[in-house]
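Now for the letters of each chain:
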Amino acid sequence: RDVASERLIRQRAKFSRPVMVSAGICFQRKSQLHFVPEKAKINAEFYTGQLLPQLVQDCRSILDDEFVFQQDGAPAHTSQQAQDWLKQHCPDPAEFIQKDDWPPNSPDLNPLDYFVWSAMLQSYERFSPKPTTVAELKTVLQDIWSNLSQQTIDNAVLSFRKRVKACIQVEGGHFEHLLT
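Cut-offs and rules
- Residues numbered from 1 in each chain as written.
- Predicted model: local features only at pLDDT ≥ 70, side-chain atom pairs only at ≥ 80, totals over all residues.
- Heavy atoms only, no water.
- Helix = DSSP H or I, 4+ residues; strand = E, 2+ residues; numbered from the N terminus.
- Contact = heavy atoms within 4.5 Å.
- Areas by Shrake-Rupley, 256 points an atom, 1.4 Å probe, with all protein chains shown as cover.
- Core = buried A, V, L, I, M, F, W, Y, C linked by side-chain atoms within 4.5 Å.
- Buried < 20%, exposed > 50% of the residue type's maximum accessible area, 1.4 Å probe, protein only.
- Axes fitted to C-alpha atoms, helices over the stretch in contact; angles between N-to-C directions.
- Parallel < 35°, antiparallel > 145°, perpendicular 65-115°, else oblique.
- Left-handed = near helix turned anticlockwise from the far one by under 90°.
- Nonpolar A, V, L, I, M, F, W, Y, C, P; charged D, E, K, R; others polar.
- Salt bridge = Lys/Arg side-chain N within 4 Å of Asp/Glu carboxyl O.
- Arc of directions from axis to C-beta.
- Polar contact = N/O pair within 3.5 Å; in protein donor to acceptor, adjacent residues only side chain to side chain.
- pLDDT = per-residue confidence, 0-100.

Thoughts on the overall build of the chain
Alright, step 1. Counting its regular elements, the chain contains seven helices and four strands.
Alright, step 2. Residue pairs in contact within the chain that sit at least 24 positions apart in sequence constitute 61% of those at least 6 positions apart.
Alright, step 3. Put simply, the chain shows about 12,100 Å² of open surface, and 51% of that area lies on carbon and sulfur atoms.

Here we look at the nonpolar core
Across soluble globular proteins, you tend to see nonpolar side chains buried next to one another.
Alright, step 1. With 16 residues, the main nonpolar core has Tyr-47, Leu-52, Val-56, Phe-69 and Leu-86 as its most contacted residues.
Alright, step 2. Of all the secondary structure elements, the ones that give two or more residues to this core are helix 1 (44-63) and helix 3 (80-89).
Alright, step 3. Of the residues forming this core, the biggest block, seven residues, is contributed by helix 1.
Alright, step 4. Filtering out sequence-adjacent residues up to four positions away, Leu-52 remains in contact with Tyr-47, Phe-69, Gln-71, Ala-82, Trp-85 and Leu-86.
Alright, step 5. Membership of the second largest hydrophobic core comes to 15 residues, among which are Ala-23, Ile-25, Ala-119 and Trp-145.

Observations regarding the packing of helix 4 (residues 111-126) against helix 5 (residues 134-147)
Geometrically, a packed helix pair is captured by the angle between its two axes and the distance between the axes.
Alright, step 1. The contact between helix 4 and helix 5 brings their axes to 10 Å, and the two run at 120°. One way to sum up the angle between helix 4 and helix 5 is to call them oblique. Helix-helix and strand crossings are classified by hand; for helix 4 and helix 5 the assignment is right-handed. Contacts from Val-116, Met-120, Ser-123 and Tyr-124 in helix 4 reach Leu-137, Val-140, Leu-141, Ile-144 and Trp-145 in helix 5.
Alright, step 2. The residue makeup of the contact of helix 4 with helix 5, split by class, is eight nonpolar, one polar and no charged.

Describing the pattern of salt bridges
Alright, step 1. In the structure shown here, the tally under the stated rule is one salt bridge.
Alright, step 2. Ionic pairing is found between Glu-176 and Arg-163, a salt bridge with its closest N-O pair at 2.8 Å. Of the two residues, Glu-176 is situated in the segment after helix 7 (160-169) and Arg-163 in helix 7; the sequence distance between them amounts to 13 residues.
Alright, step 3. A residue is classified by how much of its surface remains accessible, and Arg-163, at 9% relative accessible area, is buried.

Details of helix 6 (residues 150-158)
Alright, step 1. Among the residues of helix 6, those classed as buried are Ile-153, Asp-154 and Ala-156. Buried residues of helix 6 fall within an arc of 160° about the axis and therefore sit on the same side.
Alright, step 2. For helix 6, the elements touching its buried residues are strand 2 (25-26), strand 3 (29-30), helix 4 and helix 7.
Alright, step 3. Sitting at the amino-terminal end of helix 6 is Ser-149, which places a side-chain oxygen 3.2 Å from the backbone nitrogen of Gln-151.

So, the confidence of the model for the chain
Alright, step 1. Chain-level statistics for the chain give a pLDDT mean of 87 and a share of 89% at 70 or above.
Alright, step 2. Within the chain, the lowest mean pLDDT, 89, falls on helix 7, and the highest, 96, falls on strand 4 (residues 34-35).

This is the structure:
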């Protein structure tokens, strides 16, 4: 009772069941939003058999063969199976960044991580009423994705060079403080 209400911990409303999504973005385009099946185990086998083909197909459908496929350091992405799949299905070495050529812990260099997912979360937090079923949540997320401004995505993509320069400046360390 003696603590001001604004200093109290407030628990955010939580959706009881997680929904995992994957997507791709580039300058002036975005892919479809892909929902991962609820009980799927995201391992190399699932990734290369189910999700990776869809993501690469999205790249080809929006950019023909003029794309560079970038992943993060998730184990399924860096697995030998995924790397072999990409080498087979993207034979031009310029079409994807191999795991050893990408900083392993660099969410600050992936526009999905440094912008898109938080923008979607902000939109979801403003959404009311909140969904009560997985199907409703998927519909809301699809609406948020569809309405996510391409201009703001483009701005995030355009900030990539500045981020790479900052990463190099700090020799791979944290650099968000340099981006103000």
